[in-house]
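Single-letter residue listing:
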Amino acid sequence: MSLTIGIVGLPNVGKSTLFNALTKNDVLAANYPFATIEPNVGVVGVPDPRLGKLAEIFKSERILPATVDFVDIAGIVRGASEGEGLGNKFLANIRESDAICQVIRAFKDENVVHVDGKVSPKDDIETINTELILADLQTIEKVLPRLQKESRIKKDIQAKVKAVEEAKEILEKGDTLFAHGIVQGSERTELLHDLHLLTTKPFLYVFNVDEDELVDEDFKNEQRALVAPAEAIFLNAKLEADLAELDEDEALELLQSVGQEEPGLATLAHVGFRTLGLQTYLTAGPKESRAWTIKKGATAPEAAGVIHTDFQKGFIKAEVISFDDLVETGSVAEARAKGKARMEGKDYVMQDGDVVEFRFNV
Ligand SMILES: Nc1ncnc2c1ncn2[C@@H]1O[C@H](COP(=O)(O)OP(=O)(O)OP(=O)(O)O)[C@@H](O)[C@H]1O
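Residues numbered from 1 in each chain as written. Predicted model: local features only at pLDDT ≥ 70, side-chain atom pairs only at ≥ 80, totals over all residues.

Attention now moves to the UniProt feature "domain: TGS" (unreviewed entry) in the protein. UniProt annotation of "domain: TGS" (unreviewed entry) refers to residues 277–360 when read in the numbering used here. Span residues 277–360 is 31% helix and 39% strand, its end C-alpha atoms 27 Å apart. (UniProt positions renumbered as here; feature names shortened; annotations may be inferred. Helix = DSSP H or I, 4+ residues; strand = E, 2+ residues; numbered from the N terminus.)

Taken residue by residue, the protein gives an average pLDDT of 88. The fraction at 70 or more is 91%. Here residues 29–35 scores under 50 on pLDDT; set against residues more than four positions off or in separate chains, the count is three contacts. Interface confidence in the predicted complex, given as ipTM, is 0.96; pTM for the same model is 0.86. (pLDDT = per-residue confidence, 0-100. Contact = placed C-beta atoms within 7 Å.)

The feature "coiled-coil region" (unreviewed entry), as given by UniProt, occupies residues 147–174 in the numbering adopted here. Helix makes up 71% of residues 147–174 and strand 0%, with an end-to-end C-alpha separation of 23 Å.

The full set close to the ligand counts 16 residues, and Pro11, Gly14, Lys15, Ser16 and Thr17 are the nearest of them. Of all the secondary structure elements, the ones that give two or more residues to the shell around the ligand are helix H1 (15–24) and helix H9 (237–245). The biggest single contributor to the shell around the ligand is H1, with three residues. (Near = placed C-beta within 6 Å.)

Turning our attention to the pairing of strand S5 (residues 99–105). The buried fraction of S5 amounts to seven of the seven residues, a majority that puts the element mostly inside the structure. Going residue by residue along S5, you find Ala99, Cys101, Val103 and Arg105 tucked away on one face and Ile100, Gln102 and Ile104 tucked away on the opposite face as well. Here four bridges tie strand S1 (residues 4–8) to S5, and the two strands are oriented parallel to one another. In the sheet register, Val8 faces S5, and the bridge partner there is Gln102. Pairing of S5 with strand S6 (residues 203–208) involves six bridges; the strand directions are parallel. Looking across to S6, one finds that Gln102 is bridged to Tyr205. (Buried ≥ 20, exposed ≤ 12 C-beta atoms within 10 Å, placed from the backbone. Pairing = 2+ DSSP bridges.)

So, about helix H6 (residues 158–172). Over its 15 residues, H6 runs 21 Å from end to end, which matches the ideal 21 Å to within 8%, given 1.5 Å per residue. For H6, the set of buried residues is Lys160, Val164, Ala167 and Leu171. Viewed along the axis of H6, the buried residues span an arc of 60 degrees, placing them on a single side of the element. Away from its buried face, by an angle of more than 90 degrees, H6 presents the exposed residues Ala159, Lys162, Glu169 and Glu172. Contacts made by the buried residues of H6 are with helix H5 (121–151). (Expected span 1.5 Å × (residues − 1). Arc of directions from axis to C-beta.)

Attention now goes to the packing of H5 against H6. Helix-helix packing is characterised by the crossing angle of the two axes and by the distance between the axes. Axis separation between H5 and H6 bottoms out at 9 Å; the angle between their running directions is 150 degrees. Between H5 and H6, the angle is such that the two are roughly antiparallel. Crossing handedness for the pair H5 and H6: left-handed. Facing Ile133, Asp136, Leu137, Ile140, Leu144, Leu147, Gln148 and Ser151 of H5, the residues of H6 in contact are Gln158, Lys160, Val161, Val164, Ala167, Lys168 and Leu171. Taken together, the residues of the contact of H5 with H6 break down into nine nonpolar, three polar and three charged. (Axes fitted to C-alpha atoms, helices over the stretch in contact; angles between N-to-C directions. Parallel < 35°, antiparallel > 145°, perpendicular 65-115°, else oblique. Left-handed = near helix turned anticlockwise from the far one by under 90°. Nonpolar A, V, L, I, M, F, W, Y, C, P; charged D, E, K, R; others polar.)

Once that is clear, we can look at the nonpolar core. Within the largest apolar cluster, 87 residues are counted, with the highest numbers of intra-cluster contacts made by Ile7, Cys101, Tyr205, Val206 and Ile233. Filtering out sequence-adjacent residues up to four positions away, Tyr205 remains in contact with Gln102, Ile104, Val227, Ala230, Ala232 and Ile233. (Core = buried A, V, L, I, M, F, W, Y, C linked by C-beta atoms within 7 Å.)

Right, let's talk about the sheet that holds strand S7 (residues 231–235) for a bit. Across the sheet, six strands lie side by side as S2-S4-S1-S5-S6-S7; this open sheet has mixed pairing. On the outer flanks of this sheet lie strand S2 (41–45) and S7, each paired with one strand and no other. On average, each strand axis in the sheet is inclined to that of its neighbour by 25 degrees, with strand direction left out of account. As paired strands, S2 and strand S4 (residues 67–72) are joined by five bridges and run antiparallel to one another. Paired with Gly45 across the bridge in S4 is Thr67. Here H5 sits on the sheet and contacts S1, S5 and S6; the angle it forms with S5, its principal contact strand, is near 145 degrees.

This paragraph deals with the environment of Lys201. Tracing the sequence through the fold places Lys201 in the loop between H6 and S6. Sequence separation of Lys201 and Val215 is 14 residues, and the distance between their C-alpha atoms is 30 Å. If near-sequence neighbours (up to four positions away) are discounted, Lys201 is found in contact with Ser97, Asp98, Ala99, Ile100, Phe178 and Gln184.

On to the packing of H1 against H9, then. One way to put it is that H1 packs onto H9 with a least axis distance of 8 Å and a crossing angle of 20 degrees. On the basis of the axis angle, H1 is roughly parallel to H9. In this structure, H1 crosses over H9, and the sense of that crossing is left-handed. Across the interface between the two elements, Thr17, Leu18, Asn20, Ala21 and Lys24 of H1 pack against Ala237, Lys238, Glu240, Ala241, Ala244 and Glu245 of H9. Class assignment of the residues belonging to the contact of H1 with H9 gives a composition of five nonpolar, two polar and four charged.

Here it is, written out as structure tokens:
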């Protein structure tokens, strides 16, 4: 299951630097030798310490984490919604993304020119949001008059007209639909679905900061308040690019020297995963210990389908052991003996950390 997060931001905020770090960090190169990826896609592994533990128990040859795909979307400029510069291509790319990650400049280096002449995360966020909001308003203005006319005859589209009018009102106030809980995939967006509005996509924000800002909790809380309910991630894109070049011990040393526990990219992968509404389940054996990506709320057959469509079609049962029970008992055989292995049917809703073996007919 592959969902993508589009990276957007004003020119010169550090998108390329971040994206380079993302692609250098490429888990695909090592683990998925036959997969080809587009040059503007960075695939990041979602760190999961449980996989290391499973690999110990099962003596697995390799570990395959879940991944998040990031797409580098051409720079947005003021006027993008009017089709200026790269505007139209930008909007098409962004429509294809499942979530939007805004990179915001917070680093101060005077040698790096800011398009608007000053470093102001708040203004930059507003500039980008305004472009997205204007693009949505254009979409709505194109369809609303026709819908309103049709609704005089077709009563069944009145609810849709009301939903579109409500969205228009929010956008005209200068707010994103996401900020009002109108998020892609939720019940409230069902009526708006075919409009593919950009601001119904989940947002997350990367603040590209100086080293001192990385540990400045007051500063970080201020920025978090700016973007709530979206999540904020703080990283130094240059440092991330350096980290991606180092071996594990050196990287750890560099991280400690700036007071960080994990690379910003790891945090970004975790937050991206959460923002997309995803979770994982685990499989393990001598060949590999692996995390598989599913939507929250997925049933056992849907989860089986992520491995292979035949697994879903021929689904019989899933043998499920929770990760904690497996670690406590030390092996599948012991877990079974202690009654910790459950046989689950087709209505079972997968839980995070389920270690699973599917039974199926082909
Ligand atoms: N955290 C940081 N601290 C200091 N300088 C940084 C930081 N992040 C990036 N830079 C520098 O800022 C400059 C612009 O970065 P980059 O080229 O990645 O921006 P961009 O957003 O991709 O720009 P564009 O959209 O115009 O291509 C580069 O010189 C880069 O080294």
